[in-house]
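# Observations on chain architecture
So the chains spell out like this:
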Amino acid sequence: MTSLPASSPDQYRVSVIIPHFNMPDALARCLASVQAQVLEGAVEIIVVDNGSRQMPTEVVAAHPGVILLSEPTPGPGPARNAGVAVARAPVLAFIDADCWAGDGWLKAAVEAVEAGGTRAVVGGDVRIDFVDPKRLTAVEAYEAVFAYRQRMYIEKQGFSGTGNLAMHRSVHETVGPFAGIGIAEDRDWGQRASAAGYRPAYVPAMHIYHPARTDIASLTVKWRRHVAHDWAEHRAVGRPLWRWLLKAALMPASIIIDGGRLLSSERLSGVANKMNGLAVLAQIRLLRCAEMLRVIGATGEDAATHWHGGAA
């Protein structure tokens, strides 16, 4: 990776923006993986701390040239917006602090955006970073198949997860900022972009790795937050209650359908891994059903209630 002096910011080819919250060790690994990318042209790297107990000053200092900012408003969306506000390159690339970039990630992202011009939005593959690939935990086995279904999100739902996203900066200027933690900011921004005619493209070579959650409790926090997001959206657009209840009722049945997908997935091998993943799938779908029914009568809480307890 080459770098240019600060006196020539117009020559930056891409700005990489990384929101961070209380994970300095993971951030160090993320920064190392980004700086190891091979790309012609200057790369600007911006870390935006989102209210950590301690700013990752030492971590960032160990990676010369990286910019460190602070955004106290909770949520990765505001942190990303703060990074965009100071970014100087025509291409914006986003990765989360708890992820690390695979070989060729940045080259694939930049070339895809440049090929698409000023209307380009792209997202890539997200794989689970197994602690021990030969012996997966039950949660790792489940998340290997269901945690980050980027191709489906991009091609069927019109958005990419913001942990592996790139775009021409003019798209962000037109679509507007990422939302706060009250809604699913990646889906919200992506679907606003799609509605404005900026459809995302899936770039499989643009791959990153994300650790699985450590236990069922972490998954519970994640799904409580997502259910809160979905319920808020459901009410905001005035959808009838019966549609929400029907979706909740279908959750147990989805265990059978998606259980078949898990058992046949190329992302998971070994009978023990598949059985462990299937058990977690059943537990999570029943949890989602119960949570969908619970939030109907819940008061005094929203998605922010479940923030900072698990990654998106």
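Residues numbered from 1 in each chain as written. Predicted model: local features only at pLDDT ≥ 70, side-chain atom pairs only at ≥ 80, totals over all residues. Heavy atoms only, no water.

Take the pairing of strand β2 (residues 42–49) next. With eight of eight residues buried, β2 lies mostly within the body of the structure. Side chains Ala42, Glu44, Ile46 and Val48 of β2 all project onto a buried face; the interleaved residues Val43, Ile45, Val47 and Asp49 project onto the opposite face, where all are buried too. As paired strands, strand β1 (residues 12–20) and β2 are joined by eight bridges and run parallel to one another. Pairing of Ser15 across the sheet is with Glu44, part of β2. (Buried < 20%, exposed > 50% of the residue type's maximum accessible area, 1.4 Å probe, protein only. Helix = DSSP H or I, 4+ residues; strand = E, 2+ residues; numbered from the N terminus. Pairing = 2+ DSSP bridges.)

To continue, consider helix α6 (residues 150–157). Of the residues making up α6, those classed as buried are Gln150, Tyr153 and Ile154. All buried residues of α6 project into a common sector of 90° when viewed along the axis, lining one side. Looking at the buried positions of α6, the neighbouring elements they touch are β6 (121–129), β7 (164–168) and β8 (201–211). At the exit of α6 stands Gly158, carrying a positive phi of roughly 75°. (Arc of directions from axis to C-beta. Contact = heavy atoms within 4.5 Å.)

In this structure the tally under the stated criterion is zero disulfides. Residue Cys99 stays outside any disulfide, its sulfur separated by 6.9 Å from that of Cys30, the closest cysteine. A relative accessible area of 3% means that Cys99 is categorised as buried. (Disulfide = S-S within 2.5 Å.)

Counting 52 residues, the largest nonpolar core has Val14, Val16, Ile18, Ile95, Trp105 and Leu106 as the members making the most contacts within it. Those residues in contact with Trp105 that sit more than four places away from it in its chain are Val16, Val34, Gln37, Ala93, Phe94, Ile95, Asn164, Ala205, Met206, His207 and Ile208. Membership of the second largest hydrophobic core comes to 18 residues, among which are Ala79, Ala82, Phe94 and Leu165. (Core = buried A, V, L, I, M, F, W, Y, C linked by side-chain atoms within 4.5 Å.)

Without other data, these values stay purely geometric and don't point to any function.
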